[in-house]
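Take a look at the letters that make up each chain.
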Amino acid sequence: MADLTQVAIVLGVALVLALVAARWRFSAIPAFLIAGLLLGPHGPGPSVIEPSDAIDLLAEIGLAFVLFFLGLEFSPERMRGLRSILMRGGFADLLINMTLGFALGMLLFGPGLAAVVVAGAVYVSSSGIVVKALSDFRRLADPETDFVLSVLVFEDIVIALFLAVVGTLLVSTDLAFMTVIGPLAKALVALVLLVLVGAWLARQFVKTIEVLPLDALALGVVAVVLGFSAVFEEAGLSAGLGALVAGFVFADTPIRQQIERSLLSFREVFAAVFFFSFGLHVDLGAVSGDIWFVVLAVLVAAGGKVASGILGGHLVSMRPRRALSAGLTLTPRGEFSVVLAQFALVAPALPAAVEGRLAAIIGVFVIASAVLGVTLLKSSKTIGRAYESRLKRKA
Amino acid sequence: MNDRISETQLPGVGARYTLEPAAGNRLAVICHNDGHRDLYIFKDAESDEPAYVFTLDDEEARQLGTVMAGAYMRPKVLEDLEVTLKDLSIDWIEIQPDYPAAGKSIGECEFRSRTGVTVIAILKKQGDSIPAPRPDERFEAGDTLVTVGRRRDLPAFRKILMNGVGAVPDPDAT
């Protein structure tokens, strides 16, 4: 099948799924993953789409855009919106869920980089799914929504750092401590240099944009994002990290909102291909022996968010039913877990067998946790009320 | 923001403005980053779930906002007027001291004939406000003119205020 035909089919399927998902008030991310799984070489039935260089390239661009937009979040207004008291919720979330994730990872892969990847994938909730659900279900005026959103901002910061460090470790070919210090130091220096260069670049960019037509904005920003990714990749660092840094660099400019608006649809299209393509690479066969683990992981992951919601809520003096509701709201996992899995899939630092298994497990984990998570999110307030009346009866 | 309306940043979404009027219920406006607004209407201040949610796009929200602001500031006589705001708008323009039009009368400025915009009230800085002013009513620096007209005609209106009658051609002149 010609490359163009393949891509057309992928996008066609993505469109149908996005429409169905919108109709059912669901985020399309898990749908794209499932589609990739089912239509790919490892799915049940005939392989409609084979992974190809063309799809891989588009997926890479999609990944770059997902990370670029993450970097863009680090704007001064958003950071200010993170009220310091609500950071306690973020800390509780980090403490409980990262630890649980690492424990799960060690259970299957022993202490090592693979376990760290699992830790991150289990820790991070899907901002994409949660925010969309809160908006669709008219929960943006709820008291616990402020708490949930602050935790998500906190998670953005943590996961950006996590991706930077782990992403760099994953592209190193040798994990012995002395050899790892080299790439990490190189990454740090490159990061600082590129942030400085990037900040200068961004200023020139902003000045130019005031004179140039608006179409040049999209072109220019895409060039910068892919340029940074390419530079990082050539330097032996993670390409995704380059896109993240590009996001940081533009986060503080006055044209940030303009950039977001003009590139949002771009991101949606390419991100869809990215999730679909990840699904293509997931080998369900590699997971069949580990299904028990995935089920365990999904349950532990949900429980972890509930626990951190209750703990965090207690730390900010939120009512128990709201704290529980907040925890349940944070259960869906999604895009950043997939990003981590993608990093792991192409990592020289992990043996091929581990890579495949890790990616497949995280893939299925994300799908299950997204579906379960949204279900829990929908009934989180009812569950919260039941919990509170239970508590009252005991007292 | 006055003390009745509280503002909360919603990172990743936009901002939320909550009003708890003396009447005892609650209203929240969510201004999304992409421009649309959600109006959450609560039955009472303690309710968790909104009783109803209106979703307005940017244009609709601005029009509603104009109507709401009008209800706050309109002279009583105009409260009975039914105004359909499609491409019309009601505006409040304060007369600055350096405007050549300050001190002139509405008739002298020929607003209606040259721009199509009508002055429906003069809110005086000192003294009683004048609803439905006659053409010979004068307005001074510090007064506010309440106008109604097509949005696209408003710049011409402002031109007359700031540069004098001659700045806008008379459409009836041959």
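Peer 1: Looking at this structure, I do not really get the interface of chain A and chain B. What am I missing?
Peer 2: Size of an interface, as often reported, equals the accessible area lost when the parts are brought together. Chain A puts 19 residues into the contact, and the matching count from chain B is 20 residues. When the buried area of chain A at its contact with chain B is split by residue, A:Arg138, A:Leu140 and A:Ala141 rank highest and sum to 37% of it. Between the two partners, chain A and chain B, sit three salt bridges. Linking A:Lys381 and B:Glu49 is a salt bridge whose minimum nitrogen-to-oxygen distance equals 3.3 Å. For the pair chain A and chain B, the number of links is six residue pairs in polar contact (both at pLDDT 80 or more). Of the residues contributing to the side of chain A that touches chain B, the split by class is six nonpolar, three polar and ten charged.

Peer 1: Teacher, can you tell me more about the pattern of salt bridges here?
Peer 2: Side chains that carry opposite charge are capable of pairing whenever their charged atoms lie near each other. Overall, the coordinates contain 21 salt bridges over all chains when judged by the stated rule. For A:Glu155, the salt bridge goes to A:Lys305, with nearest N and O atoms at 2.8 Å. Here A:Lys305 lies in helix 14 (residues 291-315) and A:Glu155 lies in helix 8 (residues 143-171), a separation of 150 residues in the sequence. Take A:Glu155 and A:Lys305: they sit in the same class, and that class is buried. Residue B:Glu110 pairs with B:Arg114 through a salt bridge whose shortest N-O separation is 3.0 Å. The exposure class assigned to B:Glu110 is partly exposed, which follows from its relative accessible area of 29%.

Peer 1: Explain the sheet that holds strand 4 (residues 37-42) of chain B here, please?
Peer 2: Adjacent strands of a sheet form backbone hydrogen bonds with each other and so pair up, either parallel or antiparallel. All names here are of chain B. Pairing within the open sheet is antiparallel, and its five strands lie in the order 1-2-3-4-5. Single-partner strands in this sheet number two, and they are strand 1 (5-10) and strand 5 (52-56). Strand after strand, the sheet turns through a mean of 20° between neighbouring axes, direction not considered. Bridge analysis of strand 4 against strand 5 gives five bridges, and the strand direction is antiparallel. Following the sheet pairing, Asp38 is matched in strand 5 by Thr55.

Peer 1: Just to check I follow, could you spell out the packing of helix 5 (residues 87-109) of chain A against helix 6 (residues 113-123) of chain A for this structure?
Peer 2: When two helices pack together, their arrangement is given by the angle between their axes and by how far apart the axes lie. Residue and element names in this part refer to chain A. At a minimum axis separation of 7 Å, helix 5 and helix 6 run at an interaxial angle of 140°. As judged from the angle between their axes, helix 5 and helix 6 are oblique. As helix 5 packs across helix 6, the resulting crossing turns out to be right-handed. Residue-level inspection shows Asp93, Leu94, Asn97, Met98, Gly101, Phe102, Leu104, Gly105, Met106 and Phe109 of helix 5 in contact with helix 6, the latter providing Ala114, Ala115, Val116, Val118, Ala119, Gly120, Val122 and Tyr123.

Peer 1: Looking at this structure, how should I read unusual backbone geometry?
Peer 2: Glycine aside, negative phi is the norm for most residues, and most peptide bonds take the trans geometry. Backbone geometry at A:Ser317 places phi at a positive 60°, although glycine is not the residue there. Among the structural elements, A:Ser317 can be located in the loop between helix 14 and helix 15 (320-329). For A:Ser317, a relative accessible area of 66% gives the class exposed. Positive phi outside glycine occurs at B:Ala132, with the angle close to 45°. With respect to the helices, strands and loops of the structure, B:Ala132 is situated in the loop between strand 8 (130-131) and strand 9 (144-150). On the accessibility criterion, B:Ala132 (57% relative accessible area) is exposed.

Peer 1: When you look at the confidence of the model for chain A in this model, what are you seeing that I'm missing?
Peer 2: When pLDDT drops low, the exact placement of atoms in the prediction is not to be read closely. Of the residues in chain A, 94% have a pLDDT of 70 or more, and the chain-wide mean is 85. Mean pLDDT values over the elements of chain A span from 68, in helix 4 (residues 76-81) of chain A, up to 93, in helix 6 of chain A.

What counts and how
- Residues numbered from 1 in each chain as written.
- Chains lettered and ligands numbered in written order.
- Predicted model: local features only at pLDDT ≥ 70, side-chain atom pairs only at ≥ 80, totals over all residues.
- Heavy atoms only, no water.
- Contact = heavy atoms within 4.5 Å.
- Buried area = accessible area lost by both parts, 1.4 Å probe.
- Salt bridge = Lys/Arg side-chain N within 4 Å of Asp/Glu carboxyl O.
- Polar contact = N/O pair within 3.5 Å; in protein donor to acceptor, adjacent residues only side chain to side chain.
- Nonpolar A, V, L, I, M, F, W, Y, C, P; charged D, E, K, R; others polar.
- Helix = DSSP H or I, 4+ residues; strand = E, 2+ residues; numbered from the N terminus.
- Buried < 20%, exposed > 50% of the residue type's maximum accessible area, 1.4 Å probe, protein only.
- Pairing = 2+ DSSP bridges.
- Axes fitted to C-alpha atoms, helices over the stretch in contact; angles between N-to-C directions.
- Parallel < 35°, antiparallel > 145°, perpendicular 65-115°, else oblique.
- Left-handed = near helix turned anticlockwise from the far one by under 90°.
- pLDDT = per-residue confidence, 0-100.

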